Amino acid sequence: MAFVILKDLAYQYPSSTGLVLENISLQIQEGEFVSIIGPNGAGKSTLCYALAGFVPHFFKGEISGEVEVDGRKSSESTLDEWALNVGLAFQNPFNQISGAKYTVFEEIAFGLENIGVPRDEMKKRVEDAMSLTGISDLADRSPYSLSGGQQQRVALTSILVMRPRLLVLDEPTSQMDPVGTREVFGVVRKMAEEGMTVVMVEHKVEWIANFADRVIALKDGQILIEGKPNEVLTSDLLIENGFGISRYTSAAREARKRGLWKKEKLPVTLDEAVEGFKS
Amino acid sequence: MKIIINNLHFTYPTGLEALKGISLTINPGEQVAIVGQNGAGKTTLVRHFNGLLKPTSGAISIGEWETTKYSTAKLASRVGYVFQNPDEQLFSRDVLAEVSFGPRNLGYEKSKADELVKRAMALTELNDKAETNPYDLSPTWRKMVALASIIAMDTPIIIFDEPTTGQDAVNVARIANVIAELKREGRTVVTITHDIDFCAENFERIIALAKGQVLLDGLARDVLGQGEILAQTYVEPPQLTRLGKRLGLKETITKQDQFLNAIARD
């Protein structure tokens, strides 16, 4: 059975005038790395909140359908039970950092403290997680003294350290430099290889194509198209609906009109583009 | 209005030495992008432009004003600064009040202020949101409100700190339009960005910072062609630049049209 199951999910915030998510049905296997793309306002963050249980437990509002993770229904769990299985890194790291801790090390330990992990184990887990995401040198800094990209790494690390079975990431690299972005994709891929299920909202199409197993394109609260990265990310539907596409795809589409791209399939990655333009 | 930075050093009270001797001149009407790894000192540098930070040593002047001699409030008439996170700068009850605050505060006459607000709102496509509370808008539109509220101040210099973060393709195009319009008006635009493709398509000059120093400074195609040096500050050349290189094209590619012309010739 799929690890994550969404059945006819529909949702509306208390303040919204219409449905923010509608008719979402989806299955995700354990260890799968799924990326969600979509224009602003498509419902990507709301879908993250639904997976993490914040919708509806925290935001209230009206929900119908089901969110199921590992055979348990979100509607029948409390948020604190849910948080043991599912971790969410927020789009804006500033909204996630606790404000209760003086150092990055303590900030990352915060979640483990709350679930009563013994001190020695906690220390080791925090150190391991910081080394994994490459922020060991920030351990003694104040979370508020960091740059945006560094804060994002801290926010990601403080979720990874909890070892959730479902990791939900809302634009985790939006403020990162390109190398940092690639590293985060690499870390997330590694987590997936080790069996963690990952749902990641992202705009950076080139890296999605290189690392994710599947792409789901959301538009106006509904699934527009889903499938393998190279199929979804080269689809004409994306351009027609205001999605960002990679410069390789865009250049090859134009080149095709001028007879300079002869392959049937359009490229998403650098390697695909090089291969296609060489032939 | 010229920006002249002379051997600028800055050390935070924590002892972190963020800028280690930066010298730069930015000419009136230039469109400059600043790139570099997280923690390279990009934000620290531009926070000196409007006096939010003052040099530990060295100097920076905006026109003939040396920033140590003027308050940030005063410098705000010359340098507008759009924060990375719009939530750090928005506070008014509705969008119109937010966008009007800056020009009113700078003491423009009412008719002039109204005109500036109107133009800024039109440019950022906010006209239908004038009466909305900024916090009822999505983060995308809050970003546009932040942009509008600074543009309306009509400063000769505008700083954008990561304007495209978290924005979709439609909105990135909108922001590119805003920058192009500011260029037509002759204003200086200094933008911090990690979006190197956006950078290649919209800026003439690129400054790469690394560990508090200038690593590269020059025309976009000269800077972006130096992949190995850029790697020192964790910047990868744009997608089409990398593609051009892999295909063995002689020129450094920065834009799609240029790429298509180059492969057509090849």
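Residues numbered from 1 in each chain as written. Chains lettered and ligands numbered in written order. Predicted model: local features only at pLDDT ≥ 70, side-chain atom pairs only at ≥ 80, totals over all residues. Heavy atoms only, no water.

### Observations regarding unusual backbone geometry
Residue and element names in this part refer to chain A. Test applied: Every helix listed is a DSSP run of H or I at least four residues long, and every strand listed is a run of E at least two residues long, numbered separately from the N terminus.
For the peptide bond that leads from Val55 to Pro56, omega is 5°, which places it in the cis range. Structurally, the position occupied by Pro56 is in helix α2 (residues 54–57). We note that Arg163 has phi near 50°; this positive angle belongs to a residue other than glycine. On the secondary structure map, Arg163 appears in the loop between α6 (148–160) and β7 (166–170). Positive phi, normally seen in glycine, also occurs at Glu171, with a value near 50°.

### Here we look at empty space enclosed by the protein
Residue and element names in this part refer to chain B. The condition is simple: The definitions used throughout rest on a 1 Å grid laid over the protein atoms alone, on which a cavity is an enclosed set of points accommodating a 1.4 Å probe that cannot get out and a pocket is an open set flanked by protein within 12 Å on both sides along at least five of seven lines; lining residues are those having an atom within 4 Å of a point. Grid points are joined across faces, edges and corners, and a volume is the space filled by probe spheres set on the points.
If you walk through the whole model with that rule in mind, you get one cavity of 30 Å³ or more. Put simply, the largest cavity is a space of about 30 Å³. At the level of elements, α7 (196–202) and α10 (239–246) are the ones that each hand at least two residues to the lining of the largest cavity. Take the lining of the largest cavity: its biggest share by element is three residues, from α7.

### Examining the domain arrangement of chain B
All names here are of chain B. Here is the rule: Domain start and end points were adopted from an automatic or database domain assignment. We call two residues in contact when some of their heavy atoms are within 4.5 Å. Buried area counts how much accessible surface, traced with a 1.4 Å probe, disappears from two parts once they are put together, with both parts' losses summed. Whenever Lys or Arg places a side-chain nitrogen within 4 Å of a carboxyl oxygen from Asp or Glu, that contact is recorded as a salt bridge. Distance and chemistry together define a polar contact, namely a pair of N or O atoms within 3.5 Å, with one atom able to donate a hydrogen and the other to accept it when in protein, and with adjacent residues in sequence counting only for side-chain atoms on both sides.
We note that the domain assignment places domain 1 (3–236) and domain 2 (237–266) within chain B. Measuring from the centre of the C-alpha atoms in domain 1 to the corresponding centre in domain 2 gives 29 Å. At the interface, twelve residues of domain 1 touch eleven residues of domain 2. When domain 1 packs against domain 2, the two sides together hide about 950 Å² of surface, and 55% of this comes from carbon and sulfur. By the criterion of area lost to domain 2, the three top residues of domain 1 are Asp197, Arg221 and Glu236, representing 47% of everything that side buries. In this assembly, domain 1 and domain 2 are joined by zero salt bridges. At the junction of domain 1 and domain 2, the tally comes to two residue pairs in polar contact (both at pLDDT 80 or more). When contributions to the side of domain 1 that touches domain 2 are tallied by element, the ones reaching two or more residues are α7, α8 (220–224) and α9 (227–231). A per-element tally of the side of domain 1 that touches domain 2 places α7 first, with four residues.

### So, the pairing of strand β2 (residues 17–26) of chain B
Residues and elements named next belong to chain B. As a reminder, the rule being used: Whether two strands pair depends on DSSP finding at least two bridges between them.
For strand β1 (residues 3–11) and β2, the ladder comprises seven bridges, and the chain directions are antiparallel. Its bridge partner being in β2, His9 is matched across the sheet by Lys20. Hairpin connection from β1 to β2: five residues lie between these consecutive antiparallel strands, with Gly15 at a positive phi of about 100°.

### Quick look at the nonpolar core
Keep this limit in mind: The term nonpolar core refers to a set of buried residues drawn from Ala, Val, Leu, Ile, Met, Phe, Trp, Tyr and Cys, joined through side-chain atoms within 4.5 Å. A simple rule labels every residue: compare its accessible area, found with a 1.4 Å probe on the protein chains alone, to the largest value its type can have, and call it buried under 20%, exposed over 50%, or partly exposed in between.
Core analysis: the biggest nonpolar cluster contains 45 residues, and Val99(B), Leu126(B), Leu147(B), Phe160(B) and Ile206(B) have the highest contact counts within it. Element by element, the count of residues in this core is highest for helix α5 (residues 139–151) of chain B, at eight residues.

### Concerning the pairing of strand β6 (residues 79–82) of chain B
All names here are of chain B. Here β6 shows two buried faces, one formed by Val79 and Tyr81 and the other by Gly80 and Val82. Here four bridges tie β6 to strand β7 (residues 157–161), and the two strands are oriented parallel to one another. Across the sheet, residue Tyr81 finds its bridge partner in β7, namely Ile159.

### Some words on the packing of α6(A) against helix α7 (residues 178–193) of chain A
Residues and elements named next belong to chain A. Selection criterion: Lines fitted to C-alpha atoms define the axes here, with helix axes fitted over just the stretch in contact, and angles between the N-to-C directions of these axes take values from 0 to 180 degrees. Oblique is the label for any angle not covered by the other classes, which are roughly parallel (under 35 degrees), roughly antiparallel (over 145) and roughly perpendicular (65 to 115). Just so you know the grouping, Ala, Val, Leu, Ile, Met, Phe, Trp, Tyr, Cys and Pro go in nonpolar, Asp, Glu, Lys and Arg go in charged, and all remaining residues, Gly too, go in polar.
Packing of α6 against α7 leaves a shortest axis separation of 12 Å and a crossing angle of 10°. Considering the angle they form, α6 stands roughly parallel to α7. Here α6 contributes Arg153, Leu156 and Leu160 to the contact with α7, which in turn contributes Gly180, Glu183, Val184, Val187 and Met191. A breakdown of the residues in the contact of α6 with α7 according to their chemical character gives five nonpolar, one polar and two charged.

### Remarks on α6(A)
To keep it simple, the criterion reads: Helix span, as expected, comes to 1.5 Å for every residue beyond the first.
Its 13 residues give α6(A) an end-to-end C-alpha distance of 18 Å, which sits within 8% of 18 Å, the value for a rise of 1.5 Å per residue. Within α6(A), 13 of the 13 residues are buried, leaving the element largely enclosed by the surrounding structure.

### Concerning the sheet that holds strand β5 (residues 65–66) of chain B
All names here are of chain B. Read across the sheet, four strands follow the order β2-β1-β4-β5 without closing on themselves; strand pairing throughout is antiparallel. One side of each edge strand has no neighbouring strand; the edge strands of this open sheet are β2 and β5. Two strands pair when backbone bridges link them, and strand β4 (residues 57–62) and β5 are joined in this way by two bridges, in the antiparallel orientation. Paired with Ile62 across the two strands is Trp65, which belongs to β5.

### Regarding the packing of aromatic side chains
Using the following cut-off: Between 30 and 60 degrees the pair is tilted, below 30 it is stacked and above 60 it is edge-to-face, where a pair is any two Phe, Tyr or Trp rings, Trp via its six-membered ring, whose centres lie within 6.5 Å. A ring is considered to have a charge above it if a Lys NZ or an Arg CZ atom is located within 6 Å of its centre and within 35 degrees of its normal.
According to the stated counting rule, one finds 18 aromatic pairs over all chains in the structure shown. Judged by centre distance (6.3 Å) and plane angle (45°), the ring pair of Tyr49(A) and Phe54(A) falls under tilted. Members of the aromatic cluster, joined through ring pairs, are Tyr11(A), Tyr13(A), Tyr49(A), Phe54(A), Phe58(A), Phe59(A) and Phe90(A). The ring centre of Trp65(B) lies 3.5 Å from the NZ or CZ of Arg78(B), which sits over that ring. Above the face of the Trp141(B) ring, Lys129(B) is positioned so that its terminal group lies 4.0 Å from the ring centre.

### What to know about the environment of Leu270(A)
All names here are of chain A. Following the sequence through the fold, Leu270 ends up in helix α12 (residues 270–278). In this structure Leu270 comes out as buried when scored by relative accessible area, which is 14%. A C-alpha to C-alpha distance of 7.0 Å links Leu270 and Tyr248, two positions 22 residues apart in sequence.

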